[in-house]
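# Breakdown of the fold
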There are 2 protein chains.
Amino acid sequence: MHLLLVEDDHLVAEGLCRSLRQQGYSVEHSSTVKSAMQWLQNDEIELVVLDLGLPDGDGIDILKHIKKHRKNLPVVILTARGSIDDKVMGLDLGADDYLAKPFDPAELFARLRVASRRVTQAQTSTLKVGDVEMDTAAFTVRFQGEPVNLPRKEFMLLKALLENQGRVQSKQQLESKLYEWGEEVGSNTIEVHIHHLRKKFPKEFIKTLRGIGYVVGKR
Amino acid sequence: MHLLLVEDDHLVAEGLCRSLRQQGYSVEHSSTVKSAMQWLQNDEIELVVLDLGLPDGDGIDILKHIKKHRKNLPVVILTARGSIDDKVMGLDLGADDYLAKPFDPAELFARLRVASRRVTQAQTSTLKVGDVEMDTAAFTVRFQGEPVNLPRKEFMLLKALLENQGRVQSKQQLESKLYEWGEEVGSNTIEVHIHHLRKKFPKEFIKTLRGIGYVVGKR
DNA sequence: AGCGAAACTTAAATAAAACTTAAGAAAAAT
DNA sequence: ATTTTTCTTAAGTTTTATTTAAGTTTCGCT
């Protein structure tokens, strides 16, 4: 799950980044309003942790922007100011939750889980194409009813394909779903994973479109 | 299972907290109406033990609030007042059960089990997967009919696995079931407990899905 | 048909995750 | 208060996943 952390205090940011990653999030970090806005162009951000009180503008603007353009993106606010007014304003503007500094990281994680659950639960947890079935919540995959065990990256790749049944995706698109930005790999990983997946499913389940990408399902 | 205890008498609270934890609950404690309300924001609270008669307001208000916002959250009421009227009022407002002080802790535990069973949908207090059988009320586990003695944490971990037969759960999910907020551990405890459990059951009873989590039972 | 680009296959190297131990800290029991 | 049990940590080990890279095949194009 891709998370955007907007926090200007570098010390705080560094620590949070690390522990958020430990919690399994892919974390992007902005320390200014400007760069935060830029990241928000990116559709793959699914969750935002927002510190109010940035050097180059007001974090509230970011919140407003988010709620205008992506109503459904969950936002958890951090702030040093503890006043009720701030809290009310934040929540009224559509923030999902609010934490006053200093806070216990564990509490932040709990609140993030709650916030992201709202999003995750909305989408159904099972995907099916042909006789390949995936339960994204339980992390299970079946082929003709038989369980198939997939390592994490293969699972993620298959998920990306199933989620876009009938739509061709380029290797680069797929890559960006499996890796964090800045971490994008420099070799033929996707090809190799595709190859491994193919050994576990019918030969032509994953189709190749030369020079274009990969698809699953009819089109 | 995360439980919120609302109790202003510190002596009582301390004792209850400890024994509830021994029963395997993750306990949060509030001694005021205000802080109780705050904890109730947290969706992961699954069970409430509520002492009426708090210093800064009436516990009945908390009950009303709960039943308004989270109809399904089970509440067990404690009270020093023994009057029938209180009892009737509490139950009418949707409390699941009622205990007059002084009470036998064992009775509270029993009632909590009943109350939480309602939520879990489980009809009985026994879980069974393969030839591993657990009686959650009696705190006993049998393997092929033979009793197995498990320390608390191992018991809780096994319970979490059995309750989700066929579902893969990540170490983090499991952790959050065994520990309370702010206490979530910083090391490989789960791995170690899994290891200990495995010595007591067939080798592949608990399956590992590398990078994903652990499961029990068929899938 | 033959060339070049793209994708496939394979195997080895690297990295990551999980397992195993054992020792010390904490909690419970006596 | 003492002893025993259980829990947590951390380091070392093993296992497995992932990436890389090189060699091979396939495909589309002129």
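Shown above is the structure to which this text applies.
What this report covers is the structure whose coordinates are included nearby. Worth saying up front: this structure is predicted, and the values here are computed from it rather than measured.

Cut-off values and rules
- Residues numbered from 1 in each chain as written.
- Chains lettered and ligands numbered in written order.
- Predicted model: local features only at pLDDT ≥ 70, side-chain atom pairs only at ≥ 80, totals over all residues.
- Heavy atoms only, no water.
- Near = heavy atom within 4 Å.
- Polar contact = N/O pair within 3.5 Å; in protein donor to acceptor, adjacent residues only side chain to side chain.
- Helix = DSSP H or I, 4+ residues; strand = E, 2+ residues; numbered from the N terminus.
- Contact = heavy atoms within 4.5 Å.
- Buried area = accessible area lost by both parts, 1.4 Å probe.
- Salt bridge = Lys/Arg side-chain N within 4 Å of Asp/Glu carboxyl O.
- Nonpolar A, V, L, I, M, F, W, Y, C, P; charged D, E, K, R; others polar.
- Buried < 20%, exposed > 50% of the residue type's maximum accessible area, 1.4 Å probe, protein only.
- Expected span 1.5 Å × (residues − 1).
- Pairing = 2+ DSSP bridges.
- Axes fitted to C-alpha atoms, helices over the stretch in contact; angles between N-to-C directions.
- Core = buried A, V, L, I, M, F, W, Y, C linked by side-chain atoms within 4.5 Å.

## What to know about the protein's contact with DNA strand C
- Within the structure, DNA strand C sits among 25 residues, and K171 and T208 of chain A together with K171, R198 and T208 of chain B are positioned closest to it.
- Restricting the count to atoms of DNA strand C within 4 Å of the protein gives a sugar and phosphate share of 67%.
- Between DNA strand C and the protein, one listed contact pairs a phosphate oxygen with a side-chain N or O atom of T208 of chain A at 2.6 Å.
- At 2.4 Å, a side-chain N or O of K171 of chain B approaches a phosphate oxygen of DNA strand C.
- Mapped onto the surface near DNA strand C, the elements with two or more residues apiece are α8 (189-200) of chain A together with α8 (189-200) and β10 (206-209) of chain B.

## Structural notes on the interface of chain A and chain B
- Taken together, the contact pairs 18 residues of chain A with 15 residues of chain B.
- Taking both sides of the interface into account, the surface hidden between chain A and chain B amounts to around 1500 Å²; carbon and sulfur atoms contribute 47%.
- Contact with chain B buries surface across chain A, with R113, F139 and R152 of chain A losing the most and accounting together for 26% of the total.
- Along the contact surface separating chain A from chain B lie zero salt bridges.
- Sorting the residues of the side of chain A that touches chain B by element identifies α5 (105-122) and β8 (140-143) of chain A as the ones contributing at least two each.
- The greatest single-element share of the side of chain A that touches chain B, amounting to five residues, is contributed by α5 of chain A.
- Here the side of chain A that touches chain B is composed, by residue class, of eight nonpolar, five polar and five charged.

## Regarding the side chain of E175 of chain B
Residues and elements named next belong to chain B.
- Of note, E175 is situated in helix α7 (residues 171-178).
- For E175, a relative accessible area of 13% corresponds to the buried category.
- Here E175 is in contact with E184, V185, S187 and I190, once residues within four sequence places are set aside.

## Here we look at α8 of chain A
- With twelve residues, α8 of chain A extends 17 Å between its outermost C-alpha atoms, agreeing within 8% with the 16 Å of an ideal straight helix rising 1.5 Å per residue.
- Among the structural elements, α6 (152-163), α7 (171-178), β10 (206-209) and β11 (213-216) of chain A are those in contact with the buried residues of α8 of chain A.

## Describing the protein's contact with DNA strand D
- Taken together, the neighbourhood of DNA strand D is formed by 24 residues, with Y179 and T189 of chain A together with P151, K153 and Y179 of chain B sitting nearest.
- A share of 60% of the atoms of DNA strand D within 4 Å of the protein falls on sugar and phosphate groups.
- Contributing elements (two or more residues each) for the surface near DNA strand D: α6 and α8 of chain A together with α6 (152-163) and α8 of chain B.
- Broken down by class, the residue content of the surface near DNA strand D amounts to eight nonpolar, ten polar and six charged.

## Some words on the sheet that holds strand β1 (residues 2-6) of chain B
All names here are of chain B.
- Read from one edge of the open sheet, five strands run β2-β1-β3-β4-β5, paired in parallel fashion. Strands at the two margins of the open sheet, each flanked by one partner only, are β2 (26-30) and β5 (97-100). Each strand axis lies, on average, 20 degrees off the axis of its neighbour in the sheet, ignoring direction.
- The pairing of strand β4 (residues 75-79) with β5 spans four bridges and is parallel. Bridging from a neighbouring strand, T79 pairs with A100 of β5.
- Relative to β5, helix α5 (residues 105-120) is tilted by about 170 degrees, and along the sheet it contacts β1, β3 (47-51), β4 and β5.

## Considerations on the nonpolar core
- Counting 26 residues, the largest nonpolar core has V141, L158, L162, F201, F205 and I206 of chain B as its most contacted members.
- When contributions to this core are tallied by element, the ones reaching two or more residues are β6 (126-129), β7 (132-135), β8 (140-143), α6, α7, α8 and β11 (213-216) of chain B.
- Of the residues forming this core, the biggest block, seven residues, is contributed by α6 of chain B.
- Setting aside its immediate chain neighbours within four residues, V141 of chain B contacts V132, E133, M134, E146, P147, V148, L150, F155, L158 and F201 of chain B.
- Formed by 25 residues, the second largest nonpolar core is a distinct cluster that contains L127, L150, L197 and I206 of chain A.

## A few points about the pairing of strand β3 (residues 47-51) of chain A
Residue and element names in this part refer to chain A.
- Of all five residues in β3, five are buried; the element is thus mostly enclosed.
- Neither face of β3 is open: one carries L47, V49 and D51, the other V48 and L50, and all of them are buried.
- Note: strand β1 (residues 2-6) against β3, four bridges, orientation parallel. Across the sheet, the residue bridging to L3 is L47, located in β3.

Functional significance is not addressed by these values, which are geometric in nature.
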